[in-house]
Amino acid sequence: MDYITELIKILVPALLVMYAMFLVVRNFLQKQFDQKLIEVKLKNTETTLPLRLQAYERMALLLERISPNNMLLRLSEPSISAFEFQHLLQKEIREELNHNLSQQVYISDEGWKKTKAAVNEVVAIIQGASEKMNEKNNAIDLAEAIFDLMIKENKEPTADALLFIKAEARQLL
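Read on for a plain summary of the structure. (Residues numbered from 1 in each chain as written. Predicted model: local features only at pLDDT ≥ 70, side-chain atom pairs only at ≥ 80, totals over all residues. Heavy atoms only, no water.)

1. Quick word on the pattern of salt bridges
As enumerated under the stated definition, the model contains 8 salt bridges in all. The salt bridge partner of R65 is E96, with a shortest N-O separation of 2.5 Å. Separated by 31 residues along the polypeptide, R65 in helix 1 (residues 2–66) and E96 in helix 3 (residues 82–99) bring together distant segments of the chain. Its relative accessible area of 29% is what places R65 among the partly exposed residues. Judged by relative accessible area, which is 11%, E96 ranks as buried. One network of salt bridges, in which partners are shared, links R65, R74, E92 and E96. (Salt bridge = Lys/Arg side-chain N within 4 Å of Asp/Glu carboxyl O. Helix = DSSP H or I, 4+ residues; strand = E, 2+ residues; numbered from the N terminus. Buried < 20%, exposed > 50% of the residue type's maximum accessible area, 1.4 Å probe, protein only.)

2. Details of the nonpolar core
Residues F85, L89, L142 and I146 are the most contacted members of the largest nonpolar core, which totals 36 residues. Listed by contribution, the elements that provide at least two residues to this core are helix 1, helix 2 (68–75), helix 3, helix 4 (109–130), helix 5 (139–153) and helix 6 (159–172). Filtering out sequence-adjacent residues up to four positions away, F85 remains in contact with L72, L75, S76, E77, I80, A139, L142 and A143. (Core = buried A, V, L, I, M, F, W, Y, C linked by side-chain atoms within 4.5 Å. Contact = heavy atoms within 4.5 Å.)

Following this line, the structure appears as structure tokens:
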């Protein structure tokens, strides 16, 4: 019996010390793991933040470039017909969008949806204005019809998306 009590007197403190060491080591390893995780996230942020900001810049540039106000002034050529100008405008919008498709990876889903909606709205305005054209109309006539349609509807098709993109980009900073 003495033998068992002596063994218990030795084992209980030894087990308590082992359990305390286990807790200390586990706590130490958890803190190390958390610190490494923070370092990895920081490096990831340092890498992705510039890419995300660049994506927002490119989306803002896309919206500015396809804005009818800017696009009509930039591409206007009085010598071509209204239908040729319509195709030129639609081609320009398609190329701008295709050039920036990969940026959707870095912006929010809502930002991409608003950008696509703005693109579709610009295309719809061009389509709507070109329906009023005939073979005798030239590019200037189509541009005027587009501006008239925008004034009648009292909105800039890319404005809402541009404001949203700018707000999201500011949140990253």
